[in-house]
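Fold and contact review
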Amino acid sequence: VQLQASGGGLAQPGGSLRLSCAASGSIFSVNVMGWYRQAPGKQRELVATITSGSSTNYADSVKGRFTISRDNAKNTVYLQMNSLKPEDTAVYYCNAEIRGVTGRRRDYWGHGTLVTVSS
């Protein structure tokens, strides 16, 4: 099982970016999917999560600006980031709780994708 993230890059303050992360491999089911971020010199922090039933949870710092969604048929999670601020600059990581075909359930992490917000 692996998570493949894409969509990072450079955006101006007030701009938008969309991140995607697809899970692939020997998957039986995917439960919670989410995005975390780590800014230079800071600890990794939760950005947003979404359950298989589409219940969402957001960090206060991104509420009203970011939207998490998922396509269960594609085992893919998205993060639409609007009204970006310089403080959103970080490496963004996707995460998923996945049950494999063996029945074992565990957390998986994608590689990070860099988001830079700067004029």
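Above: the structure in question.
Residues numbered from 1 in each chain as written. Predicted model: local features only at pLDDT ≥ 70, side-chain atom pairs only at ≥ 80, totals over all residues. Heavy atoms only, no water.

**Comments concerning the state of the cysteines**
Note the threshold: Any two cysteine sulfur atoms within 2.5 Å of one another count as a disulfide. Secondary structure elements follow DSSP: runs of H or I of four or more residues count as helices, runs of E of two or more count as strands, with numbering from the N terminus. Under the scheme applied here, a residue whose accessible area is under 20% of the maximum for its type counts as buried, over 50% as exposed, and between as partly exposed, the area being computed with a 1.4 Å probe on protein chains only.
Per the stated rule, a full pass over the model turns up 1 disulfide. Two residues, C21 and C94, share a disulfide whose sulfurs are 2.0 Å apart. With the S-S dihedral at roughly 50°, the linkage between C21 and C94 falls on the right-handed side. Of this pair, C21 sits in strand β3 (residues 17-24) while C94 is found in strand β9 (residues 90-100), placing the two residues 73 residues apart along the sequence. A relative accessible area of 1% means that C21 is categorised as buried.

**Considerations on the side chain of S20**
Where we set the bar: Residue contacts are defined here by distance: any two heavy atoms, one from each residue, within 4.5 Å place the two residues in contact.
The topology assignment puts S20 in strand β3. Take S20: its relative accessible area is 18%, and that puts it in the buried class. Residues within four places of S20 in sequence aside, it is in contact with Q4, A5, S6, W35, V77 and Y78.

**Quick word on the nonpolar core**
For soluble globular proteins, nonpolar side chains are generally found buried alongside one another. In plain terms, the rule: Side-chain atoms within 4.5 Å are what join buried Ala, Val, Leu, Ile, Met, Phe, Trp, Tyr and Cys residues into a set we call a nonpolar core.
Membership of the largest hydrophobic core comes to 32 residues, with the highest contact counts inside it found for W35, L79, M81 and Y92. Only β1 (2-6), β3, β4 (27-38), β5 (45-50), β7 (66-71), β8 (76-81), β9 and β11 (113-117) provide two or more residues apiece to this core. Here the element with the most residues in this core is β9; it accounts for 5 residues. When residues no more than four places from it in sequence are discounted, the contact partners of M81 are G15, S16, L17, L19, R65, F66, Y92 and V115.

**Re the environment of S83**
Within the secondary structure, S83 is located in the loop between β8 and β9. On the accessibility criterion, S83 (40% relative accessible area) is partly exposed. The residues contacting S83, other than those within four sequence positions of it, are G14, G15, S16, R65 and D88.

**Details of the side chain of R37**
For clarity, the threshold we go by: Under this definition, polar contacts are N or O atom pairs within 3.5 Å; protein pairs additionally need one hydrogen-donor-capable and one acceptor-capable atom, and for neighbouring residues in sequence, both atoms have to be side-chain atoms.
Its place among the elements puts R37 in strand β4. There is a polar contact of 2.7 Å between the side chain of R37 and the side chain of E45. Polar side-chain contacts of R37 include one of 3.0 Å to the side chain of D88. Residue contacts for R37: discarding those within four places in its chain leaves Q43, R44, E45, V47, S61, V62, F66, E87, D88, A90, V91 and Y92.

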